[in-house]
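Survey of secondary and tertiary structure
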Amino acid sequence: MLFEPTLEVALKFDESDTLAKYRNEFYMRKDSIYLDGNSLGLLSKRAEKSLLESLQDWKTLGIDGWMEGTHPWFNLSEKLGEMCAPLVGASPEEVIVSGSTTVNLHQLVATFYQPEGERTKILADELTFPSDIYALQSQLKLHGFDPLTHLIQVKSRDGRLLDEEDIVAAMTDEIALIVLPSVLYRSGQILDMKRLTKEAHDRGILIGFDACHSVGAIPHRFSEWGVDFAFWCNYKHLNGGPGSVGGLYVNRKHFGTAPGLAGWFGSRKDKQFDMVHTMTAADTAGAYQIGTPHVLSLAPLIGSFEMFNEAGIGNIREKSLRLTKFLVDSIEQELNGMDFNIGNPRDDERRGGHVSLEHEEAARICKALKENGIVPDFRAPNIIRLAPVALYTSFEDVWNAVQILKKIMVEKQYEKFSNEREVVA
Ligand SMILES: *Cc1c(COP(=O)(O)O)cnc(C)c1O
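Structure report, in brief. (Residues numbered from 1 in each chain as written. Predicted model: local features only at pLDDT ≥ 70, side-chain atom pairs only at ≥ 80, totals over all residues. Heavy atoms only, no water.)

1. Comments concerning empty space enclosed by the protein
Here is the rule: We place a 1 Å grid over just the protein atoms. Points where a 1.4 Å probe fits but has no way out form a cavity, open points with protein on both sides within 12 Å along at least 5 of 7 lines form a pocket, and any residue with an atom within 4 Å of a point lines it. Grid points are joined across faces, edges and corners, and a volume is the space filled by probe spheres set on the points. When residue character is reported, Ala, Val, Leu, Ile, Met, Phe, Trp, Tyr, Cys and Pro are called nonpolar, Asp, Glu, Lys and Arg charged, and the others, Gly included, polar.
Tallied over the entire structure, the rule returns 3 cavities of 30 Å³ or more. Quantified by volume, the largest cavity comes out at close to 90 Å³. As for the largest cavity, its lining consists of G216, A217, H237, F308, I316, S320, G353, P388, V389, A390 and L391. Per-class residue counts for the lining of the largest cavity are 7 nonpolar, 4 polar and no charged.

The following block contains the structure:
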């Protein structure tokens, strides 16, 4: 520890924080410390503005909003793909903002899972988000395969983390496709995407990543690493709003691969309105769009991406690492002997944007935190996820949140709640 965490240290960090000015751009709830930006990011004034502009265009232009709006709707998915590209380390044509995480996963598996001969299995892991597994199981069934034999899930040694050695060992010549998280949603572990991509390609396997918990929190170099495809949601760290449209990346070496799930919005823009029954797919990641974009769920991203590009993902990552370190150090110092365990990796290269705090009473400690104005989230069976967000959380917030948690533990405030999760945890 380079410093003893104290309120004074927190205030000093805030004073020299070059991203502190962005806090004023967000709608922060009064008397509340929001540590759930990895589940649903807060609304910014810029996102609100770009949404209201699109609403205004509908009001005044009707159908002409498609071509003549402030942010013309017809090219909005492409324009947002271009704005998002620096966040994932891709060229503008390799990214499209379209669909949702799960729909994009279906699209990408339908496109890139091409079982042949002995290569018929899909490799994933046992800690990943359930929706991804449901999607992979159903895709296997569509090909007539039994998910019990054809979906291989790499095991975790400790229930928290994955070991790259174990993943590489599972890359046999029966594997046709690999889908893994970039950052694990519970423990916050970052997988070594560069290494895994190389190992997969050395064995002739395609590999893609679910970047839901990494996009907007850490930098990526998808193009440079040669990652085949990736997909993510924009409502977590990227603050696009509830149900915001997701993102998809396809490496340019795959441009021209026919979309597995085709639809007219995947057409080349100049051909789309020819209205013929032979599709001319776009020669970019745009080919993997399906239908008409959800314009009102795209529009907030214009303002939000603008802010991310202005702040710079490198600066965001640097502050995020300092915030999570300050949080972990404060927890260890202040909550010592209270049966908490830090479940996320400690190394900067292995730690994503949130802290995974484990406790047997986690479900009801979360309820007590909420009653005290702290917003975490709970992940079964025993995890309190705490995400201090670089653009709007201060070091003082982090210090205060830990002090409130300490008070809850000392006074056993959680005992008045049942230790069960809420319907939406
Ligand atoms: C949030 C999240 C999802 C959610 O998928 P949607 O299709 O947006 O509901 C999927 N995967 C991971 C890893 C997530 O964190």
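2. Remarks on unusual backbone geometry
Our working definition: Secondary structure counts use DSSP, requiring at least four H or I residues in a row for a helix and at least two E residues in a row for a strand, with both numbered from the N terminus. Only protein chains enter the area calculation, which uses a 1.4 Å probe; residues under 20% of their type maximum are buried, those over 50% are exposed, and those in between are partly exposed.
Across the junction of A380 and P381, the peptide omega takes the value 0°, indicating a cis bond. With respect to the helices and strands, the residue P381 is situated in the loop between β12 (377-379) and β13 (383-386). One non-glycine residue with positive phi stands out, namely M275, at about 60°. Structurally, the position occupied by M275 is in the loop between β8 (247-250) and α11 (295-311). A relative accessible area of 53% means that M275 is categorised as exposed. Unlike most non-glycine residues, K412 shows phi in positive territory, near 50°.

3. Details of the sheet that holds β8
Spelled out, the test is: A pair of strands counts as paired when DSSP detects no fewer than two bridges linking them. Lines fitted to C-alpha atoms define the axes here, with helix axes fitted over just the stretch in contact, and angles between the N-to-C directions of these axes take values from 0 to 180 degrees.
Reading across from one edge, β2-β8-β7-β6-β5-β3-β4 is the order of the 7 strands in this open sheet, with mixed pairing throughout. Of all strands in the sheet, those bounded by a partner on one side alone are β2 (95-97) and β4 (151-154). Sheet twist, expressed as the mean angle between neighbouring strand axes with direction ignored, is 20°. Sheet topology places strand β3 (residues 121-125) next to strand β5 (residues 175-181); 3 bridges connect them, and they run parallel.

4. What to know about the packing of helix α4 (residues 76-88) against α11
Helix-helix packing: each pair is described by the crossing angle between the helix axes and the interaxial distance. Just so we agree on the cut-off: Relative orientations are named as follows: roughly parallel for angles under 35 degrees, roughly antiparallel for angles over 145 degrees, roughly perpendicular for angles from 65 to 115 degrees, and oblique for any other angle. Crossing handedness is read from the near helix: turned anticlockwise from the far helix by less than a right angle, it gives a left-handed crossing, and turned clockwise, a right-handed one. Whether two residues are in contact is decided by their heavy atoms, any of which lying within 4.5 Å being enough.
Packing of α4 against α11 brings their axes to within 10 Å, and their N-to-C directions diverge by 30°. By the angle between their axes, α4 is roughly parallel relative to α11. Handedness of the α4/α11 crossing: left-handed. Along its contact with α4, which presents L76, S77, K79, L80, M83, C84, P86 and L87, the element α11 presents V295, L298, L301, I302, F305, E306, F308 and N309. Here the contact of α4 with α11 is built from residues that sort into 12 nonpolar, 2 polar and 2 charged.

5. Concerning the side chain of S44
Residue placement: S44 occurs in the loop between β1 (33-34) and α2 (45-61). If we skip the residues at most four places from it in the chain, S44 touches E25, F26, Y27 and M307.

6. Details of the packing of aromatic side chains
How we decide: To pair, rings of Phe, Tyr and Trp, with the six-membered ring standing in for Trp, must have centres within 6.5 Å; the planes then decide the type, stacked if under 30 degrees apart, edge-to-face if over 60, and tilted in the middle.
One pass over the full model with this rule turns up 16 aromatic pairs. With a centroid separation of 6.0 Å and an interplanar angle of 70°, the aromatic rings of F13 and F326 are classed as edge-to-face. With F13 in helix α1 (residues 7-15) and F326 in helix α12 (residues 313-334), the pair connects residues that are 313 residues apart, well separated along the chain. Its relative accessible area of 16% is what places F13 among the buried residues. For the pair F112 and F229, a centre-to-centre distance of 5.6 Å together with 5° between the ring planes defines the contact as stacked.

7. Some words on α1
Test applied: Directions pointing from the helix axis toward each C-beta atom define the arc.
Here α1 has its buried residues at V9, A10, F13 and D14. Within α1, the buried residues cover an arc of 140° as seen down the axis, which keeps them to one side. Relative to its buried face, α1 has exposed residues pointing more than 90 degrees away, namely E8, K12 and E15. Looking at the packing, one finds that the buried side of α1 touches α12 and α14 (395-410).

8. Description of the site of the ligand
The following threshold applies: Summary of the distance rule: residues count as near a molecule or strand when at least one heavy atom falls within 4 Å of that molecule or strand. N or O atoms closer than or at 3.5 Å make up a polar contact, with two conditions inside protein: a donor-capable atom paired with an acceptor-capable one, and, for residues adjacent in sequence, both atoms drawn from side chains. Reported accessibility uses the Shrake-Rupley method at a 1.4 Å probe radius. Residues are deemed covered only where the shown protein chains occlude them.
Taken together, S100, T101, T102, F129, D132, D210, C212, H213, C233, Y235 and K236 make up the full set of residues near the ligand. Within the side chain of T102, one N or O atom sits 2.6 Å away from an oxygen atom of the ligand. Between a nitrogen atom of the ligand and a side-chain N or O atom of D132, the distance comes to 3.3 Å. Burial of the ligand by the protein chains amounts to 85% of its free accessible area of 390 Å². The class makeup of the residues in the shell around the ligand is 4 nonpolar, 4 polar and 3 charged.

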